[in-house]
Amino acid sequence: MHELSIAQNIVELVTEEVAKKNALKVSSVLLEVGELAGIELDALDFAWEPATQNTLLDHSELKIEPVKGKAHCRSCHHDFNMTDLFDICPFCQSFDNEIVEGKELKIKSIDIEY
Amino acid sequence: MCATCGCDHDEMVIKDSHFDEDEHLHDHQHDHTHGHDHHHHETVEMEKDVLLKNNLIAERNRGYLEAKNILAFNLVSSPGAGKTSILEKIIPDLLKKFPVYVIEGDQQTTFDAARIEKTGAKTVQVNTGKGCHLEAEMVNQAIKRLRLANNSILLIENVGNLVCPALFDLGETKRIVIYSVPEGDDKPLKYPHIFESSDLCVINKIDLLPYLDFNIRKAKDDALRINHHLEFFETSARDGSGLEFVTNYFLHELEAFQKEIVID
């Protein structure tokens, strides 16, 4: 369950950010999560409440902006949609692929109240 | 009732001669301006990587290790795949050439550290408690306690877990996934992230191949589908087969690493 660490990391980064703003509370967090980032969204959702308890993020909403996986084939130089890390190039069946999108795990923005 | 906005919070009216009748406390918000406390909303753009802190500390670890010419390996596997057993067998040979240090990551107990210490390598146990993986900060603390000598090898045995350690860079030079035959040949496809993020794959317990339906070709092909850079070693920590290749690999890597250093 590394999602609990992920949630705690988010709480830490957001808490530091709002400390500059004198915010009373954080009402929502918008998180960009790539499909290939290795994050189980249900597990992250489950971890959200305990991770945010007794912080400025208590009762905040975690909003997810998913990012589709995309890879570049080094053999035939086509780009293709990748839904699993073991997907091969649909054009030339090569394994030699480089992930170009879908590994994102980023806090985009937060809504605060003060 | 509030004369200004019509809200019904009689119980919260402050009976005080210093206040006007409509000056009371209530916790909802209005979008018009009047004399109540109310909240302002703001959206703050952050654009911050969630793993930023871990990655920054990992890079600090990496810089420190590089400057001291220390080769660091992060060993990841499921529990019981043979990480500690492999280390017990190869450390005595590594120690003949270079100082070896070990960071033992486990949720609880110092059992593994006690086993490794017997080999003569300086060892620090990190107990993660409820944590399911090591993080760069824990390695940073452990490195300080180990007081590493230059030109040495640091072996970091991560918590036994095929999922969580994949996301956490520790500052290692290379990541090694140890994968054992009894786990079945379907693990690379089931746990792709750990194979994707590793540089080497040690297939351990190959002495059990005659007794189990483990297709080693399939296991390797699947792992290569995820990560075509992956290099393989086949070992048995029990009977010692294949371990000399792992030892030699470590020694060659460290020697090659030393040759890169240009001395003025």
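Just so it is clear, the structure is predicted and the values come from calculations on it, not from any experiment. (Residues numbered from 1 in each chain as written. Chains lettered and ligands numbered in written order. Predicted model: local features only at pLDDT ≥ 70, side-chain atom pairs only at ≥ 80, totals over all residues. Heavy atoms only, no water.)

**Describing the sheet that holds strand β2 (residues 71-77) of chain B**
Residue and element names in this part refer to chain B. Here is the rule: Note: two strands are recorded as paired if DSSP finds a minimum of 2 bridges between them. A helix here means a DSSP run of H or I that spans at least four residues, while a strand means a run of E at least two residues long, and both kinds are numbered starting from the N terminus. All axes are obtained by fitting lines to C-alpha atoms, using only the stretch in contact for helices, and the reported angles, taken between N-to-C directions, cover 0 to 180 degrees. For this analysis, residues touch if any pair of their heavy atoms sits within 4.5 Å.
Overall, parallel pairing links the 7 strands, which are arranged β4-β3-β5-β2-β6-β7-β8 in an open sheet. Where the open sheet ends on each side, the last strands, each with one partner, are β4 (122-127) and β8 (231-234). Strand-to-strand twist of the sheet, defined as the mean angle between neighbouring strand axes without regard to direction, takes the value 20 degrees. In the sheet, β2 pairs with strand β5 (residues 153-157) via 5 bridges, with the strands oriented parallel. In the strand pairing of β5, N74 is matched with I156. In this fold helix α4 (residues 136-146) packs onto β3 (100-106), β4 and β5, with an angle of close to 150 degrees to the strand it touches most, β4.

**Focus: unusual backbone geometry**
Residues and elements named next belong to chain A. This is how the line gets drawn: The classification of residues rests on relative accessible area computed with a 1.4 Å probe and restricted to protein chains. Under 20% of the type maximum is buried, over 50% is exposed, and intermediate values are partly exposed.
Notably, N22 is not glycine yet its phi reads approximately 55 degrees, a positive angle. Note that N22 resides in the loop between α1 (2-19) and β1 (25-34). Owing to a relative accessible area of 66%, N22 belongs among the exposed residues under this scheme. Although it is not a glycine, H77 adopts a positive phi angle of roughly 65 degrees. Here H77 falls in the exposed class, since its relative accessible area comes to 56%.

**What about the packing of helix α2 (residues 83-95) of chain B against helix α8 (residues 243-259) of chain B?**
All names here are of chain B. Keep this limit in mind: Throughout this description, any angle smaller than 35 degrees is read as roughly parallel, any larger than 145 degrees as roughly antiparallel, any in the 65 to 115 degree range as roughly perpendicular, and the remainder as oblique. It is the rotation of the near helix from the far one that decides the hand of a crossing: anticlockwise by less than a right angle makes it left-handed, clockwise makes it right-handed.
One way to put it is that α2 packs onto α8 with a least axis distance of 10 Å and a crossing angle of 50 degrees. When the axis of α2 is compared with that of α8, the two are oblique. Every pair of crossing elements has a handedness; the one defined by α2 and α8 is right-handed. When α2 is examined against α8, the residues I86, K89, I90, D93 and L94 are found in contact with a partner set consisting of L243, V246, T247, F250 and L251.

**Looking at the environment of V102(B)**
All names here are of chain B. Among the structural elements, V102 can be located in strand β3. Once the C-alpha coordinates of V102 and I91 are considered, the two residues, 11 residues apart in sequence, prove to be 9.6 Å apart. V102 has contacts with L87, I91, I116, A121, K122, T123, V124, L146, L154 and L155, leaving out every residue within four places of it along the chain.

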